[in-house]
There are 2 protein chains.
Amino acid sequence: MAQKNSVHCLRQDPISKEWVIFSSVRKSRPHAHKTAPIENTLPRYDPACPFCPGNEKMLPAILHESPGISDQQWSTRSVPNRYPALSSSGNLNREKNGFYLCMGAYGHHEVIIDHPRHNKEIPYFDPEQMHSLIDTYHSRYITLMEDPGVVMVSIFRNHGLRAGTSLLHPHSQIVASPTVPRSIRLQEIRAEEYFDDMGSCIYCDLMHNEIEVVSRIVTQNSSFISFVPYAAKVPYEIWILPKRHTADFGSINEFEKKELSSMLQDLISRLHNHLNDPDYNYLIHSYTRFKSEEPHLHWYIQIIPRILTRAGFEMGSGFFINPDLPEENAKILSNVS
Amino acid sequence: MAQKNSVHCLRQDPISKEWVIFSSVRKSRPHAHKTAPIENTLPRYDPACPFCPGNEKMLPAILHESPGISDQQWSTRSVPNRYPALSSSGNLNREKNGFYLCMGAYGHHEVIIDHPRHNKEIPYFDPEQMHSLIDTYHSRYITLMEDPGVVMVSIFRNHGLRAGTSLLHPHSQIVASPTVPRSIRLQEIRAEEYFDDMGSCIYCDLMHNEIEVVSRIVTQNSSFISFVPYAAKVPYEIWILPKRHTADFGSINEFEKKELSSMLQDLISRLHNHLNDPDYNYLIHSYTRFKSEEPHLHWYIQIIPRILTRAGFEMGSGFFINPDLPEENAKILSNVS
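Residues numbered from 1 in each chain as written. Chains lettered and ligands numbered in written order. Predicted model: local features only at pLDDT ≥ 70, side-chain atom pairs only at ≥ 80, totals over all residues. Heavy atoms only, no water.

**Q** Which residues make up the overall build of chain A, and what values go with them?
**A** The secondary structure content of chain A amounts to six helices and 15 strands. Relative to its length of 337 residues, chain A is compact, with a C-alpha radius of gyration of 20 Å against a globular reference of 20 Å. Referenced to the eigenvectors of the C-alpha coordinate spread, the extents of chain A come out at roughly 65 × 50 × 45 Å. By residue count, 63% of the 337 residues in chain A fall in the buried class. Considering only intrachain contacts with a sequence separation of at least 6, the fraction spanning at least 24 residues in chain A is 67%. Accessible surface, chain A: about 12,700 Å² in total, of which carbon and sulfur atoms supply 52%. Of the side chains in chain A, 33 bear a positive and 38 a negative charge, and the two mean positions are spaced by 5 Å. (Helix = DSSP H or I, 4+ residues; strand = E, 2+ residues; numbered from the N terminus. Rg over C-alpha atoms; globule rule 2.2 N^0.38 Å. Buried < 20%, exposed > 50% of the residue type's maximum accessible area, 1.4 Å probe, protein only. Contact = heavy atoms within 4.5 Å. Areas by Shrake-Rupley, 256 points an atom, 1.4 Å probe, with all protein chains shown as cover. Lys, Arg positive; Asp, Glu negative; His and termini not counted. Charge placed at Lys NZ, Arg CZ, Asp CG, Glu CD.)

**Q** Tell me about the relation of the copies chain A and chain B, and name the residues and values.
**A** The two copies are related by a screw operation: chain A maps onto chain B through 180° of rotation and 0.0 Å of translation along the axis, at an RMSD of 0.0 Å. Between the two chains, the operation in question is that of a two-fold axis. (Least-squares fit on C-alpha atoms with pLDDT ≥ 70 in both.)

**Q** So what's going on with the pattern of salt bridges? Which residues, and what values?
**A** Residue and element names in this part refer to chain A. Inspection of every chain in the model, using the stated rule, returns 28 salt bridges over all chains. For glutamate 121, the salt bridge goes to arginine 157, with nearest N and O atoms at 3.1 Å. Of the two residues, glutamate 121 is situated in the loop between strand E7 (108-113) and helix H1 (127-145) and arginine 157 in strand E8 (residues 152-159); the sequence distance between them amounts to 36 residues. Of the two residues, glutamate 121 and arginine 157, neither departs from the other in class, the shared state being buried. In this structure, glutamate 256 engages arginine 244 in a salt bridge whose closest nitrogen and oxygen atoms are separated by 2.8 Å. On the criterion of sequence distance, the pair formed by glutamate 256 in helix H4 (residues 254-274) and arginine 244 in the loop between strand E12 (238-242) and H4 is long-range, its members being twelve residues apart. In this structure glutamate 256 comes out as buried when scored by relative accessible area, which is 7%. Taking the relative accessible area as the measure of exposure, arginine 244 reaches 36% and is therefore partly exposed. The network of salt bridges with shared partners includes Arg11, Glu210, Arg216 and Glu327. (Salt bridge = Lys/Arg side-chain N within 4 Å of Asp/Glu carboxyl O.)

**Q** Which residues make up the environment of proline 80 of chain A, and what values do they have?
**A** Here proline 80 of chain A shows up in strand E4 (residues 74-80). Between the alpha carbons of proline 80 of chain A and serine 262 of chain A there is a distance of 27 Å; along the sequence they are 182 residues apart.

**Q** Break down the interface of chain A and chain B for me, with residues and values.
**A** Each side of the interface is counted separately: chain A has 86 residues, and chain B has 86 residues. Both faces combined, the contact of chain A with chain B buries some 7,300 Å², and carbon together with sulfur accounts for 63% of it. Inspection of the chain A/chain B interface yields zero salt bridges. The interface formed by chain A and chain B includes 18 residue pairs in polar contact (both at pLDDT 80 or more). Per-element tally for the side of chain A that touches chain B: the top contributor is helix H2 (residues 182-198) of chain A, with six residues. (Buried area = accessible area lost by both parts, 1.4 Å probe. Polar contact = N/O pair within 3.5 Å; in protein donor to acceptor, adjacent residues only side chain to side chain.)

**Q** Account for the packing of H2 of chain A against helix H3 (residues 202-213) of chain A, with residues named and values stated.
**A** Residues and elements named next belong to chain A. In contact at an axis separation of 9 Å, H2 and H3 are set at 75° when each is read in the N-to-C sense. One element, H2, and the other, H3, form an angle in the roughly perpendicular class. Here Gln187, Arg190, Ala191 and Tyr194 of H2 come into contact with H3, specifically with Ile202, Tyr203 and Asp205. (Axes fitted to C-alpha atoms, helices over the stretch in contact; angles between N-to-C directions. Parallel < 35°, antiparallel > 145°, perpendicular 65-115°, else oblique.)

**Q** Run through the sheet that holds strand E6 (residues 100-104) of chain A, naming residues and quoting values.
**A** Across a sheet, paired strands are connected by hydrogen bonds in the backbone, their directions being either parallel or antiparallel. Spatial ordering of the open sheet is given by E5(A)-E6(A)-E1(B)-E2(B)-E15(B), a layout of five strands whose pairing is mixed. Here the strands that pair on one side only, and so sit at the sheet edges, are strand E5 (94-97) of chain A together with strand E15 (320-322) of chain B. For this sheet, the mean inter-axis angle between neighbouring strands, taken without regard to orientation, is 30°. Alignment of strand E1 (residues 8-12) of chain B against strand E2 (residues 19-23) of chain B, held across five bridges, turns out to be antiparallel. Residue arginine 11 of chain B lies in a different strand from E2 of chain B, and its bridge partner there is valine 20 of chain B. (Pairing = 2+ DSSP bridges.)

**Q** Any details on the domain arrangement of chain A? Residues and values, ideally.
**A** All names here are of chain A. When the domains of chain A are assigned, the result is domain 1 (56-177) and domain 2 (199-335). Each of domain 1 and domain 2 has a C-alpha centre, and the two are 21 Å apart. Summing both sides of the interface, domain 1 and domain 2 together bury roughly 2,700 Å²; the carbon and sulfur share of this comes to 55%. Counting the surface domain 1 buries against domain 2, the share from its top three residues, Ile134, His159 and Arg162, is 23%. Applying the counting rule to domain 1 against domain 2 returns one salt bridge. Residue lysine 257 pairs with aspartate 135 through a salt bridge whose shortest N-O separation is 2.7 Å. Between the two partners, domain 1 and domain 2, sit 23 residue pairs in polar contact (both at pLDDT 80 or more). The set of elements that each furnish at least two residues to the side of domain 1 that touches domain 2 consists of H1 and E8. Per-element accounting of the side of domain 1 that touches domain 2 gives the leading share, eleven residues, to H1. The class makeup of the residues in the side of domain 1 that touches domain 2 is 21 nonpolar, seven polar and five charged. (Domains from an automatic or database assignment. Nonpolar A, V, L, I, M, F, W, Y, C, P; charged D, E, K, R; others polar.)

**Q** I'd love a proper account of the pairing of strand E9 (residues 171-177) of chain A, names of residues and values included.
**A** All names here are of chain A. Counted residue by residue, E9 has seven buried out of seven residues, so it is predominantly covered. Every second residue of E9 is oriented toward a common face, with His171, Gln173, Val175 and Ser177 on one face and Ser172, Ile174 and Ala176 on the other, all of them buried. One ladder, built from five bridges, connects E8 with E9; its direction is antiparallel. Paired with serine 154 across the strands is valine 175, a residue of E9.

**Q** Quick rundown of the environment of leucine 241 of chain A? Include the residues and the values.
**A** All names here are of chain A. Here leucine 241 is to be found in strand E12. Judged by relative accessible area, leucine 241 falls into the buried class, the value being 0%. Each C-alpha atom of the pair leucine 241 and glutamine 220 lies 9.8 Å from the other, and the pair is 21 residues apart in sequence. Excluding residues within four positions of it along the chain, leucine 241 makes contact with Tyr203, Met207, Ser223, Phe224, Ile225, Phe227, His298 and Tyr300.

**Q** Could you give an account of the pairing of strand E14 (residues 300-305) of chain A, with specific residues and numbers?
**A** Residues and elements named next belong to chain A. Of all six residues making up E14, six are buried, and the element is well covered by its neighbours. Across the two faces of E14 the burial is the same, with Tyr300, Gln302 and Ile304 and Ile301, Ile303 and Pro305 all buried. Of the pairings in the sheet, the one linking E12 to E14 comprises three bridges and is antiparallel in character. Residue pairing in the sheet places isoleucine 238 in a bridge with isoleucine 303 of E14. Across six bridges, strand E13 (residues 280-285) lies against E14 in antiparallel orientation.

**Q** An account of the packing of aromatic side chains is requested, with residue identities and associated values reported.
**A** This model, assessed by the stated rule, comprises 26 aromatic pairs over all chains. Between phenylalanine 224 of chain A and tryptophan 299 of chain A, the aromatic rings sit 6.0 Å apart at their centres with planes inclined by 70°, giving edge-to-face as the arrangement. Here phenylalanine 224 of chain A, found in strand E11 (residues 224-227), pairs with tryptophan 299 of chain A, found in the loop between E13 and E14; they are 75 residues apart in sequence, far enough to count as distant. Neither residue differs from the other here; phenylalanine 224 of chain A and tryptophan 299 of chain A are each classed as buried. Cluster of aromatic residues (ring-pair linked, three or more members): Phe99 and Tyr100 of chain A together with Tyr194 and Tyr230 of chain B. Directly above the ring of phenylalanine 22 of chain A sits arginine 11 of chain A, whose terminal nitrogen or CZ lies 5.3 Å from the centroid. We note arginine 11 of chain A situated over the ring of tyrosine 230 of chain A; from NZ or CZ to the ring centre the distance is 4.2 Å. (Phe/Tyr/Trp six-rings, centres within 6.5 Å; stacked < 30°, edge-to-face > 60°. Lys NZ or Arg CZ within 6 Å of the ring centre and 35° of its normal.)

What follows is the structure, given as structure tokens:
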């Protein structure tokens, strides 16, 4: 029984079935938990930045623009990614390439400009601005899911160099892809097996368990719950789950958008304040095409702070090593503001 | 047919079934392909480094020591990791933790000191030194696999900060773990399915295909082949496969050890010279316990240069985005020395 809340144990993520190694002694390693300093040396406007207002000639196009807030002409914009991973000029054919399989790089890759100001990060957004950002995610999601060649739409935000971003102006991204990655498909199968066994959604059951256990919850409102997952892969990983069962992010209503935007901004602010502006990724996981009616899938947001580097063992073995206990991270995050 | 060798396509790894997005336009992104400068400012000896000869009092123990070469007292050593992810004081019990599953952090975590000199990296090793390193990997592998509580032994090397290392003295690591990660188990199942379909080892068939196609081969000798995989996840990823079919790294013979050490050193030198001393991981993938006699598994080494950062999309979706075509990387690597 010793290992249940031990800081030296393995825990299994019940959805992905991945094992995570928890080892608090690794916290003392040299360089571990190094955080970047808060940098606020950026200008409000950068004449060389294609995302700053007035520099529209550097943009390939503007796909969507949300109304401005107070004195701004616009609040958020969606534009084509200048370095697209996937594009609508690709074709959808799958081909045998001798021993291998390949296919065209069909899809869409957009950048969302999160704020007109070059140096305005999420913790400093007006609430209306954050709401406009969620609204833009939603609107682009609906539009891209209308393309029958697309089977999955991923909305994500990379903040900081360690999180893989290459541009400083606050932005998010959307990738609409033509095939479902193996890891996503396996999670779907796993959730379906659970549904066949238990007759219920594994995400709903997990959420009800978190509400009962309490110790991993960070925040709650009437529509959403945020918590550090039992088998968090990295320190301060957070999941946001809608309380209403639905597989489809596109089905979110106006009230839920408002509650989501205030919860997401609050969580990013807590990370920002407690971890000294850490690099992070967040990603909206929604259903893959033909799965929207499934009773066993549930959309959610995953926030992944990038304060540690994945090394060779984690890259190659499929294990993760986390020096922090989820309950301790949750306690800290629920107490800071 | 256009996409077969297109720089804008998706390719599937036939073993993991993961899709990789190839998009050469992403090469032009700001910050992409930034490489670290070659730093050779380290001293030969650091009085504060526990791995330097003479500082043995800072080591918890010495588990293995190989005979010295020329004037050195020893060539390589294996010592306990001071910040172990797993330890033999953990227990092996699995337990239900309410909704979840957990287990003790049983296992072993060792550091291999690759060279007595603080500033001596693999490209500058004597051939005898590199042979001693492979020999130490082999000897520790055999010893750790003798522990019946261990089901998998991972040997890996993290070079550079981006690869997750925290100590400068050249070193490798070994983790002996008590359970098999889901991703490894799925690859085993996939290889077994292939064997049931085709009656042959998927790795052997893949290797024969590479020998026939030629364009992705980097180097060859009588025992091993090295190539950039068809669906390489990152630029300049390299796999080394033994030509002799065996699932077990432990079964390597004296001649193969010699050929492996010269091939691995040569490949690391090529990466070092061409990419300006890039950060990298390499990992020896061998069989998991009870699978040594399987005709469908095959041990191999994976080298993963860390010149790009995995961003939110890749972290969360299971897709990889690679800006480089494997055939181009292989051509460059086979021509440099």
